[in-house]
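The lines below spell out each chain.
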Amino acid sequence: MKHKPKYITVVKIGMLFVAAYLFGHFSAVTVDHFKPEAVEVSADGNWGLSFQQEGEPPVANASAEELAKYDAYYAEMTDEKVLYLTFDAGYENGNMPAILDALKKHQAPAAFFVVGNFIESEPDLIQRMVAEGHTVGNHTYSHPDMSKISTVETFTQELEGVEKLYEKITGQAMTKYYRPPQGKYSEMNLQMAKDLGYKTFFWSLAYVDWYVDDQPSKEEAFEKLLGRIHPGAIVLLHSTSSTNAEILDELLSKWEEMGYTFKSLNELVSQPRA
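Reference entry: report on the structure contained in this document. Quick caveat: nothing in here was measured; it's all calculated off a predicted structure.

### As for the nonpolar core
Point 1. Trp47, Leu85, Leu103, Phe112 and Trp255 are the most contacted members of the largest nonpolar core, which has 70 residues in total.
Point 2. Setting aside residues no more than four positions away along its own chain, Trp255 makes contact with Leu83, Leu85, Leu205, Leu225, Leu226, Ile229, Val235, Tyr260 and Phe262.
Point 3. With 8 residues, the next largest nonpolar core counts Met146, Ile149, Phe155 and Met192 among its residues.

Structure (structure tokens):
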């Protein structure tokens, strides 16, 4: 290879990023229990959910009304059987093409929250997402714990770094949708995001799919993702998951059989909020 030393350096940097990304997920605390006392309702901390009744939205750290003050969402409060598909993409390990194929087959729009490394290393996938009608959202440049960032300057740098890369690759301004890494947040940085013109998205349905070397079985995935689906759900899946890549086509079919349709986050934010 003509540029072997540079290539090795890039690979090493990528490996360090992956390690940091995974560590962030492992260290995050997310409440996910079927009991009312599982969540302390608060607008600061780690995003957490308490599933109390099948077919109903879970109780979350903050209510939809509290989040509305910051242009933030975790679900749509509706009886209509709609759901919103979102993926967190920290790096690419071969699963994204199958995920995009399944979404295309079902004509299901999705939002992909990407970090700087993903845009830098996978411009073709970013272009495909845009071409196929998906939204590319901001998951920060380096995937830090944003709740510990107290200055507007540093917070802004994390978001603007992704914006600039996206615009360089696509020639378009990035849609200002933001997801806090690890689900860690504070009222202060929710306000910072709002002041920068961003809408923040948490989630109302997810499962433990990010341990790359310890993936859930198909049966385990379906138990969580079918059993806890509810009208207006914002679903969080990780694009690094081989299980997600394997089951997504069938999963979308099963949700359709349950009467669900798929909408984009653009449709969610266009609706008036109470």
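Here the narrative resumes.
### Details of unusual backbone geometry
Point 1. The phi dihedral of Gln107 falls on the positive side, at around 50°, and the residue is not glycine.
Point 2. Assignment of secondary structure puts Gln107 in the loop between α3 (96-105) and β7 (110-114).
Point 3. Backbone geometry places His143, a non-glycine residue, at a positive phi of 60°.
Point 4. If you trace the backbone, His143 turns up in the loop between β8 (135-138) and α6 (152-170).

### Side note on the side chain of Ser241
Point 1. The topology assignment puts Ser241 in the loop between β12 (233-238) and α9 (242-257).
Point 2. Only 3.3 Å separates the side chain of Ser241 from the backbone nitrogen of Thr243, close enough to count as a polar contact.
Point 3. When near neighbours in sequence (up to four residues on either side) are disregarded, Ser241 contacts Asn95, Tyr207, Asp209 and Gln215.

### Looking at the packing of helix α5 (residues 123-131) against α6
Point 1. Close contact between α5 and α6 brings their axes to 10 Å; oriented N to C, the two are set at 80°. When the axis of α5 is compared with that of α6, the two are roughly perpendicular. Across the interface between the two elements, Pro123, Ile126, Gln127 and Val130 of α5 pack against Tyr166, Ile169 and Thr170 of α6.
Point 2. Residues that form the contact of α5 with α6 fall into these classes: 5 nonpolar, 2 polar and no charged.

### Here's the deal with the packing of aromatic side chains
Given two aromatic rings, their pairing is described by the distance between the two centres and the angle made by the two planes.
Point 1. If you walk through the whole model with that rule in mind, you get 12 aromatic pairs.
Point 2. Seen in terms of ring centroids, Phe155 and Tyr178 are 5.9 Å apart; in terms of plane orientation they differ by 75°. Their pairing is edge-to-face. Of this pair, Phe155 sits in helix α6 while Tyr178 sits in strand β9 (residues 177-178), and the two are 23 residues apart along the sequence.
Point 3. Taking NZ or CZ as reference, Lys254 lies 5.5 Å from the ring centre of Phe222, over its face.
Point 4. Over the aromatic face of Tyr73 sits the side chain of Arg273, whose NZ or CZ is 3.8 Å from the ring centroid.

### Details of the packing of α3 against α5
Point 1. Put simply, α3 and α5 touch, their axes get as near as 11 Å, and they point 5° apart. Put simply, α3 runs roughly parallel to α5. Residues Met96, Pro97, Leu100 and Asp101 of α3 form the contact with α5, whose participating residues are Leu125, Arg128 and Met129.
Point 2. In the contact of α3 with α5, the residues fall into 5 nonpolar, no polar and 2 charged.

What counts and how
Counting from 1, residues in each chain are numbered in the order their sequence is written. In view of the model being predicted, local features appear only for residues whose pLDDT reaches at least 70, and side-chain atom pairs are presented and counted only at 80 or more, with totals across whole chains, interfaces and linings using the full set of residues. Excluded from the side-chain calculation are hydrogens and water; included are all heavy atoms of the structure. Side-chain atoms within 4.5 Å are what join buried Ala, Val, Leu, Ile, Met, Phe, Trp, Tyr and Cys residues into a set we call a nonpolar core. The classification of residues rests on relative accessible area computed with a 1.4 Å probe and restricted to protein chains. Under 20% of the type maximum is buried, over 50% is exposed, and intermediate values are partly exposed. Between two residues, a contact is recorded if the distance between any of their heavy atoms is within 4.5 Å. Only DSSP runs of H or I reaching four residues or more are called helices, and only runs of E reaching two or more are called strands; each is numbered from the N terminus. Within 3.5 Å is the distance limit for a polar contact, defined as a pair of N or O atoms, with the added protein rule that one can donate a hydrogen and the other accept it, and that residues adjacent in sequence qualify only through two side-chain atoms. Note on definitions: angles span 0 to 180 degrees between N-to-C directions of axes, and those axes are lines fitted to C-alpha atoms, for helices only across the stretch in contact. The cut-offs work like this: below 35 degrees is roughly parallel, past 145 is roughly antiparallel, 65 to 115 is roughly perpendicular, and the gaps in between are oblique. We call Asp, Glu, Lys and Arg charged. Ala, Val, Leu, Ile, Met, Phe, Trp, Tyr, Cys and Pro are nonpolar, and the rest, Gly among them, are polar. Between rings of Phe, Tyr and Trp, where Trp is taken as its six-membered ring, a pair exists when centres lie within 6.5 Å; planes separated by under 30 degrees are stacked, by over 60 edge-to-face, and by other angles tilted. Remark: a charge is flagged as sitting over a ring if the NZ atom of Lys or the CZ atom of Arg is within 6 Å of the ring centre and within 35 degrees of the ring normal.

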